[in-house]
Amino acid sequence: MKVTLSFEKSESSDVSIMVDALRASSTITLALNNFEKVIPCFTPEEAFKLKEKLGGIVAGERDGKKINGFDLGNSPADIKDYTSDHLILTTSNGTRILENMKSTVLIGSIINACEVANKSIEIANNHIDVVMAGVKGEFAIEDFLAAGEILYWILQELPDCNLSEYAKAAVLASRNYESLKESFFNSRSGKRLIELGYESDVELCSLKNISNNVAIYENQELTLLKD
Ligand SMILES: O=C(O)[C@H](CS(=O)(=O)O)OP(=O)(O)O
Ligand SMILES: [Mg+2]
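Along each chain, residue indices are assigned from 1 in the same order as the chain's sequence is written. For naming, the first written chain is A and the first written ligand is 1, with later ones following in the order written. The model is predicted, so local features are restricted to residues of pLDDT at least 70 and side-chain atom pairs to those at 80 or more, both for listing and for counting; the totals for chains, interfaces and linings are taken over all residues. Calculated side-chain values reflect all of the structure's heavy atoms, with hydrogen atoms and water omitted.

Caption draft 1: Region of interest: the coordination of the magnesium ion (ligand 2). Any N, O or S atom lying within 2.8 Å of the metal counts as a donor, and for Na, K and Ca the limit rises to 3.2 Å; water is left out, so some sites can look incomplete. Protein coordination at the magnesium ion (ligand 2): the donors are Asp20 (OD) and Leu22 (O), at 2.0 to 2.1 Å from the metal. Relative accessible area serves as the criterion here: at 3%, Asp20 is assigned to the buried category. Note on classification: 1.4 Å probe, protein chains only; a residue is buried when its accessible area is under 20% of the maximum for its type, exposed when over 50%, partly exposed between these limits. Given a relative accessible area of 6%, Leu22 falls into the buried group.

Encoded structure:
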């Protein structure tokens, strides 16, 4: 099994794991406790149109702030208080990079790292690519560290896999949990979210393996990957 790490675009036509640790991956993972499916949109206009057509709850942000007229922002802590058959979601980075993925896509984060690693091994044939969302086209340390935690669990199951050096670097960088958490809070996104009053989201998104939910992206919808 080839196991790689990429930025924004996947290099696998087999299985990709989209990682947006602050906060889209965590929001999607926890939303599937209360919603049947999450429908990612790529613009607020598209989200409004979908809400008119389907109803449901529309959530999302730009620059971390709730979009005017939306029911919710991109807070995984807020999402848990709402339920409907579907959540329409558009965010700055995580939902955006789903648009061009050509492989089977799973959603990974710190909060479901072990489970998404195991599920990716179950469904992959020959290549798992962990894809960091980043922030507006730039590297984001929280996605690198979350990717490292997921890659660590893949390595536990597949110690002889063909791991790229980029992926190995992420595993090594993510081994000290205190340092990982500190990097979340001091990251560009972390600092912006704290300024906006979302410190509890940064804390929630840095908690290891608090969820066994793994979302799979099929037919433009995110649903729970069943065992
Ligand atoms: O809503 C978020 O946490 C981020 C925006 S920012 O990086 O915090 O400004 O969007 P996401 O698509 O979840 O990275
Ligand atoms: Mg992010």
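Caption draft 2: Structural view of the pattern of salt bridges. Put simply, a salt bridge is a Lys or Arg side-chain nitrogen that is within 4 Å of an Asp or Glu carboxyl oxygen. Per the counting criterion, the structure on display carries 11 salt bridges. The shortest N-O distance in the salt bridge between Arg96 and Glu8 comes to 3.2 Å. Of this pair, Arg96 sits in helix 4 (residues 94–98) while Glu8 sits in the loop between strand 1 (2–7) and strand 2 (15–19), and the two are 88 residues apart along the sequence. On the basis of relative accessibility, which here comes to 31%, the residue Arg96 falls in the partly exposed class. Between Lys37 and Glu221 there is a salt bridge, with the nearest N and O atoms lying 3.4 Å from each other. Here Lys37, found in strand 3 (residues 35–40), pairs with Glu221, found in strand 11 (residues 221–224); they are 184 residues apart in sequence, far enough to count as distant. Each helix is a run of DSSP H or I of at least 4 residues and each strand a run of E of at least 2, with the numbering of both proceeding from the N terminus.

Caption draft 3: Geometry of the packing of aromatic side chains. Note on aromatic contacts: the rings of Phe and Tyr and the six-membered ring of Trp form a pair at centre separations within 6.5 Å, being stacked when their planes are under 30 degrees apart, edge-to-face when over 60 apart, and tilted otherwise. Tallying each qualifying case throughout the model produces 4 aromatic pairs. An aromatic cluster is built from Phe139, Phe144 and Tyr166, whose rings are joined through pairwise contacts. Criterion for a charge above a ring: Arg CZ or Lys NZ at most 6 Å from the ring centre, at most 35 degrees from the ring normal. When the ring centre of Tyr198 is taken as origin, the NZ or CZ atom of Arg23, which lies over that ring, is 4.5 Å away. Lying across the ring of Tyr152, Arg175 places its NZ or CZ 4.0 Å from the centre.

Caption draft 4: Inspection of helix 9 (residues 188–195) at higher detail. Taken together, the buried positions of helix 9 are Ser189, Gly190 and Leu193. Axial view of helix 9: buried residues confined to an arc of 100 degrees, hence all on one face. Turning to helix 9, the residues buried within the fold contact helix 6 (141–157), helix 8 (177–186) and helix 10 (199–205). Backbone geometry just downstream of helix 9 places Gly197 in the positive-phi region, at approximately 90 degrees. By construction, the arc corresponds to the directions joining the helix axis to the C-beta atoms. Working rule for contacts: check all heavy atoms of both residues, and any pair within 4.5 Å makes them a contact.

Caption draft 5: Region of the structure containing the packing of helix 6 against helix 7 (residues 165–173). The axes used here are C-alpha line fits, helices contributing only the stretch in contact, and every angle between their N-to-C directions lies in the interval 0 to 180 degrees. Running from amino to carboxyl end, helix 6 crosses helix 7 at an angle of 95 degrees, the nearest separation of the two axes being 7 Å. In terms of axis orientation, helix 6 runs roughly perpendicular to helix 7. On helix 7, the residues touching Phe144, Leu145, Gly148, Leu151 and Tyr152 of helix 6 are Tyr166, Ala167, Ala169, Ala170, Val171 and Ala173. Looking at the contact of helix 6 with helix 7 residue by residue, the classes come out as 10 nonpolar, 1 polar and no charged. Note that the term roughly parallel is reserved for angles under 35 degrees, roughly antiparallel for angles over 145, roughly perpendicular for angles of 65 to 115, and oblique for everything else. Ten residues, namely Ala, Val, Leu, Ile, Met, Phe, Trp, Tyr, Cys and Pro, are considered nonpolar, four, namely Asp, Glu, Lys and Arg, are considered charged, and the remaining ones, Gly among them, are considered polar.

Taken by themselves, the reported measurements are silent on function.
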